[in-house]
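Secondary and tertiary structure notes
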Amino acid sequence: MAYLEIGCGMLLAVVFAWSAVTKLRSRTAFDEFARSLAPLVSRTVPAAALLTAAEVLVPPLLLVAPVWGFGLAGGLLGVLTAGVVLVVRRRLVVRCRCFGAGRARIGRRHVVRNLLLLLVGGLGLVAALSPGTASSTDAAGVLLSVGAAVLLASFVIHFDDLVELWA
């Protein structure tokens, strides 16, 4: 189960780190993200700041306190998924700003993506809570877990681009 914890943690760490970086890279990027929240909340800048701060906290927490990291990631994904579901149900036209200045309109596929990430977080949490797994790792297994996680994270990050490519 240690490799599962490592892989799930790395996947979520990369996804949340990239998401935070794309929002914090410039004032314009952050403002675009904040504006994308307008159909859901009245005070967009504080909401955007809170969501982005949580995204920033997930990767280091996954490293130093995995149970807390998976818990925060799961809670944040729950909030984000609820927002996406509201957008889809209300048939609002909102651009996905999850990973920067995306052009894709938020839709059902984003709900599915977030639910899969929630599943990853749940699996990672179960693995982190399982007793006696920390001593059963070797370098090759860790490297394979990390490599697979980074590859899967790149698919998550470029999800909209891949859907557009194959559509």
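Scroll up a little and you will see the structure.
It should be emphasised that the depicted structure is a prediction, and the values quoted were computed from it without experimental measurement. (Residues numbered from 1 in each chain as written. Predicted model: local features only at pLDDT ≥ 70, side-chain atom pairs only at ≥ 80, totals over all residues. Heavy atoms only, no water.)

A look at the layout of surface pockets
- Approximately 470 Å³ is the volume attributed to the largest pocket.
- Elements with a minimum of two residues in the lining of the largest pocket: helix 1 (2–24), helix 2 (27–36), helix 3 (44–64), helix 4 (66–89) and helix 5 (108–129).
- Here the element with the most residues in the lining of the largest pocket is helix 4; it accounts for seven residues.
- Considered class by class, the residues forming the lining of the largest pocket number 19 nonpolar, four polar and five charged.
- Estimates place the volume of the second largest pocket at around 340 Å³.
- In terms of lining residues, the second largest pocket is bounded by 21 residues, among which Phe99, Gly102, Arg103, Asp160 and Asp161 are the most central.
- Of all the secondary-structure elements, those providing two or more residues to the lining of the second largest pocket are helix 1, helix 5, helix 6 (139–157) and helix 7 (159–166). (1 Å grid on protein atoms, 1.4 Å probe; cavity = no way out; pocket = protein on both sides within 12 Å on 5 of 7 lines; lining within 4 Å. Points joined across faces, edges and corners; volume = space filled by probe spheres on them. Helix = DSSP H or I, 4+ residues; strand = E, 2+ residues; numbered from the N terminus. Nonpolar A, V, L, I, M, F, W, Y, C, P; charged D, E, K, R; others polar.)

Observations regarding a nonpolar patch on the surface
- A surface patch of nonpolar side chains, amounting to about 430 Å² of accessible area, comprises Leu4, Val112, Leu116, Leu119 and Leu123.
- The element contributing the most residues to the nonpolar patch is helix 5, with four residues.
- Within the secondary structure, Leu116 is located in helix 5.
- By relative accessible area, Leu116 is classed as exposed at 51%. (Patch = residues over 30% accessible without salt bridge, like charges linked within 9 Å, V, L, I, M, F, W, Y side chains within 5 Å. Areas by Shrake-Rupley, 256 points an atom, 1.4 Å probe, with all protein chains shown as cover. Salt bridge = Lys/Arg side-chain N within 4 Å of Asp/Glu carboxyl O. Buried < 20%, exposed > 50% of the residue type's maximum accessible area, 1.4 Å probe, protein only.)

A short note on the packing of helix 4 against helix 5
- Contact pair helix 4 / helix 5: the axes reach a minimum separation of 9 Å and the direction vectors enclose 165 degrees. Accordingly, the angle class assigned to the pair helix 4 and helix 5 is roughly antiparallel. Viewed along their axes, helix 4 and helix 5 form a crossing whose handedness is left-handed. Contacts from Pro66, Val67, Phe70, Gly74, Leu77, Gly78, Leu80, Thr81, Val84, Val85 and Val88 in helix 4 reach Arg108, His110, Val111, Asn114, Leu115, Leu117, Leu118, Gly121, Gly124, Leu125, Ala128 and Leu129 in helix 5.
- When grouped by side-chain class, the residues that make up the contact of helix 4 with helix 5 number 15 nonpolar, seven polar and one charged. (Axes fitted to C-alpha atoms, helices over the stretch in contact; angles between N-to-C directions. Parallel < 35°, antiparallel > 145°, perpendicular 65-115°, else oblique. Left-handed = near helix turned anticlockwise from the far one by under 90°. Contact = heavy atoms within 4.5 Å.)

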